[in-house]
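# Structure at a glance
Below, each chain spelled out in residue letters.
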Amino acid sequence: PFHTSNFAGRRAIFTSFGFWKHFIIAYIINVACATGVNAAIMRGNRSVPFHTSNFVGDISGGLLIAPLLCGVLTTLVQTPFVKWGTRKGRYLAPSEAEVQGSWLRWVLVTNVWCRAVVVALGLTVVFGVLVAVLAVAVGSRRVPVPWALVIIDIYAFPVQFLVVVANYPAATYAAARASGES
C-alpha cells in the first residue's frame, strides 16, 4: 500500500505534500486557538506589557507556553492522521537506514507519548532562551493588543514548523513499522 524506498531523507520531508498539508493545518489550528485564548486573556486592555516578572498577562508568557502546548497537542492529534495517510499510501515513510542514520533517531523511533513530551520540552528550552532574551531586551514596554496577537501568531510559525519536522517522519515511520514495511 505504501513505499519507503523513495523517501530520500531530509529533502523529501520538505517536498512532501503530506508534510506541508499537516504543517498548514496544524499552524492554522494553532493560530486560531492561540489568538482566541490570548484575546480572551487580554480582553478589556488596549495594550499589554511585553513582559512581567511572573509571565502572567503579558506577551512573554504566551510565547513561553506555546512550544509546550504546541509540542504536545500537535504530536498527539496529528500522529493518527499521518499514520492513517501513510497506511493508505498517501505519504512516504523514511527507510530503516534513513532513520538509523538520522540525528533525530530516538525521536523517530519512540512512541507518540514520549515523542510529544520530548518535542515539547526540547522546544520549550530552545524557544525559552529566545523568550528570555526578548523579555530582557524589551522589558515591560506595552504593546497594543492587536500587535501582541500578531507577535504571538508569527512566533508560532517556527515553533509549529519544528514540531511537524520531528513528528511527521516519526508518524510515517511508525505506520511503516507497524505494517512491517520499514
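Residues numbered from 1 in each chain as written. Predicted model: local features only at pLDDT ≥ 70, side-chain atom pairs only at ≥ 80, totals over all residues. Heavy atoms only, no water.

## Points about a positive patch on the surface
- Taken together, the side chains of Lys 21, Arg 87, Lys 88 and Arg 90 present a region of like positive charge at the surface.
- Looking at the element boundaries, Arg 87 is found in helix 3 (residues 59–87). (Patch = residues over 30% accessible without salt bridge, like charges linked within 9 Å, V, L, I, M, F, W, Y side chains within 5 Å. Areas by Shrake-Rupley, 256 points an atom, 1.4 Å probe, with all protein chains shown as cover. Salt bridge = Lys/Arg side-chain N within 4 Å of Asp/Glu carboxyl O. Lys, Arg positive; Asp, Glu negative; His and termini not counted. Charge placed at Lys NZ, Arg CZ, Asp CG, Glu CD. Helix = DSSP H or I, 4+ residues; strand = E, 2+ residues; numbered from the N terminus.)

## A look at the layout of surface pockets
- Estimated volume of the largest pocket: approximately 720 Å³.
- As for the largest pocket, its lining consists of 32 residues, of which Ile 29, Asn 30, Cys 33, Cys 70 and Leu 73 are closest to the centre.
- Mapped by element, the contributors of at least two residues to the lining of the largest pocket are helix 2 (17–42), helix 3 and helix 7 (145–179).
- Per-element accounting of the lining of the largest pocket gives the leading share, 12 residues, to helix 3. (1 Å grid on protein atoms, 1.4 Å probe; cavity = no way out; pocket = protein on both sides within 12 Å on 5 of 7 lines; lining within 4 Å. Points joined across faces, edges and corners; volume = space filled by probe spheres on them.)

## Brief notes about the nonpolar core
- Within the largest apolar cluster, 27 residues are counted, with the highest numbers of intra-cluster contacts made by Met 42, Ile 59, Leu 63 and Tyr 155.
- Elements with a minimum of two residues in this core: helix 2, helix 3, helix 5 (105–109), helix 6 (112–138) and helix 7.
- A total of 10 residues in this core trace back to one element, the largest contributor, which is helix 7.
- Setting aside residues up to four positions removed in sequence, Met 42 forms contacts with Val 48, Val 145, Ala 148, Leu 149 and Ile 152. (Core = buried A, V, L, I, M, F, W, Y, C linked by side-chain atoms within 4.5 Å. Buried < 20%, exposed > 50% of the residue type's maximum accessible area, 1.4 Å probe, protein only. Contact = heavy atoms within 4.5 Å.)

## Structural notes on the packing of aromatic side chains
- Considering all chains together, one arrives at 13 aromatic pairs under this definition.
- Each residue in the set Phe 14, Phe 19, Trp 20, Phe 23, Tyr 27, Tyr 91, Phe 157, Phe 161 and Tyr 168 is aromatic and connected to the rest through ring pairs, giving one cluster. (Phe/Tyr/Trp six-rings, centres within 6.5 Å; stacked < 30°, edge-to-face > 60°.)

## Regarding the environment of Leu 149
- Relative to the helices and strands, Leu 149 resides in helix 7.
- A C-alpha to C-alpha distance of 8.2 Å links Leu 149 and Ala 34, two positions 115 residues apart in sequence.

## What to know about helix 3
- Along its 29 residues, helix 3 runs 41 Å from first to last C-alpha, staying within 8% of the 42 Å computed at 1.5 Å per residue.
- When the local axis directions of helix 3 are compared, the greatest deviation, roughly 35°, occurs at Gln 78, which is followed within four positions by the proline Pro 80.
- After helix 3 finishes, the residue Gly 89 shows a positive phi value of roughly 85°. (Expected span 1.5 Å × (residues − 1). Bend = angle between axes of the 7 residues up to and from the residue.)

## Here's the deal with the side chain of Asn 167
- Positionally, Asn 167 belongs in helix 7.
- A polar contact of 3.1 Å, which involves the side chain of Asn 167, links it to the side chain of Thr 79.
- Residue contacts for Asn 167: discarding those within four places in its chain leaves Thr 74, Thr 75, Gln 78, Thr 79 and Arg 115. (Polar contact = N/O pair within 3.5 Å; in protein donor to acceptor, adjacent residues only side chain to side chain.)

## Overview of the confidence of the model for the chain
- Per-chain confidence: the chain averages 90 in pLDDT, with 93% of residues scoring 70 or above.
- No element of the chain has a lower mean pLDDT than helix 1 (residues 9–15), at 69, and none a higher one than strand 2 (residues 142–144), at 97. (pLDDT = per-residue confidence, 0-100.)

## Some points on the side chain of Ser 102
- You can see Ser 102 is positioned in the loop between helix 4 (96–100) and helix 5.
- A polar contact is formed between the side chain of Ser 102 and the backbone nitrogen of Leu 104, at a distance of 2.9 Å.

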